[in-house]
Amino acid sequence: MDLLDYAWAGVLAVFQGPVLFSIFGLSISATIAMVLFGFLNGIFVGATPGLGGPMAMAISLPILISIFGFSSDALLPVMGCLIGIMKGATVGGAVPAILFNTPGTPDAYLTTLDGYPMAKRGEARRALKVAHFSSASGDTFSDLVLILCAPFLATLVERYLDLPEKTALLILSLSFIAAVIGGSVAKGLLSAGLGIFVAAIGTGEDFYPRLSLGTDMLAQGFPAVAVILGVLILGEVFRGLEDLARSGYGRPTLPGHAPPGPPGNDKIRHLPWQDRRPLLPHIARSAMIGTAVGALPGIGSTLAATLGHAAGKRRHARKAPDARAFGTGAPEGIAATEAANSAVSGANLIPVLSLGIPGNAAAVFLILAADSIGGFNPGPAVFRYNQDAVNPELIIAFGLFATMLLANLINWTVGGTVMRSMAIMTRIPKHILLPVVLMLTLTSIYVQETRMAALWFVIGFGILGYVMRRLDISPLPFVIAFILGGRLEETARQAYAATGNDPFFLATSPISAIFVVMSISVIVLAQYRRPTTAS
Amino acid sequence: MTRRVACWRLPRNSGPPSMTGRDVNANTVLGLVVIALALIVLLVWIPLDTESGILEQVRRKVTIGDAMEPSLAAILMLVSGILLLVEPGGPALSPAHLRWLAGICGILVLGFALIRWTGPVMAWLWVDGVEYRLLRDTAPWKHLGLITGSIAIVAGLIAVVERRLSVRGILVALTVAGGLILIYDLPFDDLLLPPNGDV
């Protein structure tokens, strides 16, 4: 099979894969239905302040695995649904930001600066259309970059990096994530160190499961789903509930929150070309910024939105000094923010698919799905192919690209309409939503693990996630290090053996030595450059 | 109809409690705790609880032992602890945070106890000579734990935030329990709701 055959097989796996149901004799592929369901669900949760893409992915994953099982046929429907949620949530986050000055997702905060003033002027509908157009454009651009770059990068990795270099690359990724996420290098390192340590408990190659304290409970290690959902979801639920209890649950928690603006009286059916044209330079610039930021592991969409908005603001002030300024209801401000944060969603799969390194919470759940189901191990080996043997993982990879393009198609066609109908979601009280999310998460984990011990683990890691948040320690390096810890050890063991037990195997090849030097440099530079925050 | 419950009080609009303003540097305290933890892990836990060392000789061949990965993790934590000592400021955990956490854990422990024991206790009370294990695939027995546990957890947490136990909270909890039964129990024969995998 050549590359085009693989691409076509991937498309066919999406459109002619397992059938979910038939309408009038027409078979509906499970993958297509799940991408659509995931996308609509994503808009729904994105438009709900307090929820978000990662939370919805966390709750959906065990349910999807229960429905589709653990066969390789389940991969595309499950991962397609998660990709749909990821994309839909980014679009949906703009709805409450524009209509109620409350960002549905953290990266939509800057959308409030121009979106809500437009809504107050009675241009809510126009603002939502600008947000949707920009978001869909940025997302599509970043998906195309992903499709072009991921195979290329993976092929480079496979061709030029041997085991020592791969070990060094994993170390570089972890140190980069620890250095750039959060407000402190020390806390990033602490989070990553804890993650690697937790990954080591109950595992190893010896007959005795290490660090298990002689107990059966720890001998099997911690279930990945309990660790990840505990730290990411329960920790957030515990903190969110406490903030609500302290601030008064009926009141908004965000500074600058204002009552809803007047309903949009602008009855425009389509955004006219003269409205779209001035947005295009902002969308193009922000899409490139978002894609570049998304391709780096650990840097999230909030930074992309900030950079896109700042760059757009400078250009707007210089090129159009007489136009409405950013922050006062300029459509260009919405475009710059939404294109940047949406462009992250495709690009952040570049390190996942080409290197097997998750860069953000959404990517963590895609890796968790792949790990849980089996048959697909994201990493450079996915893109390995030759004419003689079939690589089923490459078909799945192209199937994933097809699901992303399908999600984009859904976004361009019905996304805007669905998005505008989701304003009602902001009315759901967060203090009711969070306990529901907690109960759903607990039950989902039990259904998957079928033992109460898993629930105690998830509560334990929820407490850890809460404490980390209160101490301003980002939980993301912990989760990523937990996922990569096992792989890092395995690669290091293989590299050590392959180099004839050379204790300096990381320094013998120039590439791995450069990676190690970069790992140390990124930590030192980040520590040196970070402004001190003395209270 | 609502009823006031005696739950722990949180001062409203007081902002997150912190140690800001005191003479204690929160990051220094955190750094010392992390250093102590890392040293315990490195010097006590890993040597006593791993079978092989950092490097191990098996049949005249040297391999990486099971102690390598956790040791590196502990060293990373040690470095982060030392860096925290020189990093000023930072938020701290206050007694109010710990009280909140204790309260949340209390609700969850109560919820888990109800999930685990409601079904067996009801079966013991109402069905003579049949243990719960034989009823765990029979409605409504298999749902009792989930329903009571949901009420404790969902309605309990809503009550903590609202500072009153409300009928709305209980209705939400019952709806959640019903939804979970609809999602997991009705369509799938092979899935077990809590606590039916443990009994």
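In this text the structure is predicted, and so the values were computed from the model without any measurement.

Listed per partner, the contact involves 77 residues of chain A and 76 residues of chain B. Here chain A packs against chain B, burying approximately 6,700 Å² in sum over the two surfaces, 72% of which is carbon and sulfur. Applying the counting rule to chain A against chain B returns three salt bridges. Where chain A packs against chain B, one counts 23 residue pairs in polar contact (both at pLDDT 80 or more). Those elements giving two or more residues to the side of chain A that touches chain B turn out to be helix H3 (53-68), helix H9 (185-200), helix H11 (224-247), helix H19 (430-449), helix H20 (452-470) and helix H21 (475-498) of chain A. In terms of residue class, the side of chain A that touches chain B is built from 45 nonpolar, 20 polar and 12 charged.

Residue and element names in this part refer to chain A. As for its position among the elements, Gln387 is in the loop between helix H17 (361-373) and helix H18 (392-420). Given the relative accessible area of 54%, Gln387 is considered exposed. Sequence-wise, Gln387 and Leu3 are 384 residues apart; in three dimensions their C-alpha atoms are separated by 9.2 Å. Beyond its immediate sequence surroundings of up to four residues, Gln387 is in contact with Met1 and Asp2.

All names here are of chain A. It is the contact of H9 with helix H23 (residues 510-529), at a shortest axis distance of 9 Å, that shows an interaxial angle of 140°. Put simply, H9 runs oblique to H23. Here Val185, Ala186 and Leu189 of H9 lie close against H23, whose contacting residues are Ile523, Ala526 and Gln527. Split by residue class, the contact of H9 with H23 holds five nonpolar, one polar and no charged.

You can read the domains of chain B as domain 1 (26-85) and domain 2 (95-185). Relative to domain 2 of chain B, the C-alpha centre of domain 1 of chain B lies at a distance of 40 Å.

The next thing to look at is the pattern of salt bridges. Overall, the coordinates contain 21 salt bridges over all chains when judged by the stated rule. Among the salt bridges present, the one from Glu205 of chain A reaches Arg493 of chain A, with a minimum N-O distance of 3.5 Å. Taken together, the residues Glu205 of chain A in the loop between H9 and helix H10 (216-219) and Arg493 of chain A in helix H21 connect sequence positions 288 residues apart. Judged by relative accessible area, which is 62%, Glu205 of chain A ranks as exposed. Overlapping salt bridges, with partners in common, bring together Glu205, Arg210, Glu489 and Arg493 of chain A together with Asp66 and Glu69 of chain B in one network.

All names here are of chain B. Relative to the 34 Å expected for 24 residues at 1.5 Å per residue, helix H1 (residues 26-49) spans 32 Å between its end C-alpha atoms, a close match to the ideal helical length. Considering bend angle alone, the principal kink of H1 is centred on Val41 and spans about 40°. Turning to H1, its buried residues number three or more, namely Ala26, Asn27, Leu30, Gly31, Val34, Ile35, Ala38, Val41, Ile46 and Asp49. Residue Asn25 occupies the N-cap position of H1, its side-chain oxygen lying 3.1 Å from the main-chain nitrogen of Asn27.

Turning next to the side chain of Arg493 of chain A. Overall, the relative accessible area of 12% leaves Arg493 of chain A in the buried class. A polar atom in the side chain of Arg493 of chain A sits 3.5 Å from the side chain of Glu205 of chain A. The contacts of Arg493 of chain A, once residues within four sequence positions are left out, are Glu205 and Arg210 of chain A together with Ile64, Gly65 and Asp66 of chain B.

We now examine the nonpolar core. What tends to happen in soluble globular proteins is that the nonpolar side chains get buried as a cluster. Formed by 207 residues in total, the largest nonpolar core has its most connected members in Ile228, Phe376 and Leu442 of chain A. Formed jointly, this core draws a minimum of three residues from each of two domains, domain 1 (26-85) and domain 2 (95-185) of chain B. Non-local contacts of Ile228 of chain A, meaning those with residues more than four positions away in its chain, are made with Ile233, Val364, Phe365, Leu368, Val479, Phe482 and Ile483 of chain A. One finds Ile289, Val293, Ala340 and Val344 of chain A within the second-largest nonpolar core, a separate group that totals six residues.

Take H9 of chain A next. Residues and elements named next belong to chain A. A rise of 1.5 Å per residue sets the reference length of H9, with its 16 residues, at 22 Å; its end C-alpha atoms lie 23 Å apart and thus fit the reference within 8%. Counting buried residues in H9 gives 16 out of 16 residues, a clear majority hidden from the surface. Taking the backbone nitrogen of Ala186 as reference, a side-chain oxygen 3.3 Å away marks Ser184 as the first, capping residue of H9. Positive backbone phi, at 75°, marks Gly202, one or two positions downstream of H9.

As a further point, take the side chain of Thr140 of chain A. Residue and element names in this part refer to chain A. By the secondary structure assignment, Thr140 is in helix H7 (residues 124-160). Within the local environment of Thr140, its side chain forms a polar contact with the backbone oxygen of Ala136, the two atoms lying 2.7 Å apart. Residue contacts for Thr140: discarding those within four places in its chain leaves Asn408 and Trp412.

Turning next to the packing of aromatic side chains. Enumeration over the complete set of coordinates arrives at nine aromatic pairs over all chains. Seen in terms of ring centroids, Trp456 of chain A and Phe112 of chain B are 4.9 Å apart; in terms of plane orientation they differ by 80°. Their pairing is edge-to-face. Separated into two different chains, Trp456 of chain A in helix H20 and Phe112 of chain B in helix H3 (residues 95-126) make up a pair that spans both. In this structure Trp456 of chain A comes out as partly exposed when scored by relative accessible area, which is 40%. Overall, the relative accessible area of 2% leaves Phe112 of chain B in the buried class. Their ring planes at 65° and their centres at 6.2 Å tell us that Tyr496 of chain A and Phe505 of chain A sit as a pair that is edge-to-face. Accessibility assignment for this pair places Tyr496 of chain A and Phe505 of chain A in one class, buried.

Definitions and limits used
Residues numbered from 1 in each chain as written. Chains lettered and ligands numbered in written order. Predicted model: local features only at pLDDT ≥ 70, side-chain atom pairs only at ≥ 80, totals over all residues. Heavy atoms only, no water. Contact = heavy atoms within 4.5 Å. Buried area = accessible area lost by both parts, 1.4 Å probe. Salt bridge = Lys/Arg side-chain N within 4 Å of Asp/Glu carboxyl O. Polar contact = N/O pair within 3.5 Å; in protein donor to acceptor, adjacent residues only side chain to side chain. Helix = DSSP H or I, 4+ residues; strand = E, 2+ residues; numbered from the N terminus. Nonpolar A, V, L, I, M, F, W, Y, C, P; charged D, E, K, R; others polar. Buried < 20%, exposed > 50% of the residue type's maximum accessible area, 1.4 Å probe, protein only. Axes fitted to C-alpha atoms, helices over the stretch in contact; angles between N-to-C directions. Parallel < 35°, antiparallel > 145°, perpendicular 65-115°, else oblique. Domains from an automatic or database assignment. Expected span 1.5 Å × (residues − 1). Bend = angle between axes of the 7 residues up to and from the residue. Core = buried A, V, L, I, M, F, W, Y, C linked by side-chain atoms within 4.5 Å. Phe/Tyr/Trp six-rings, centres within 6.5 Å; stacked < 30°, edge-to-face > 60°.

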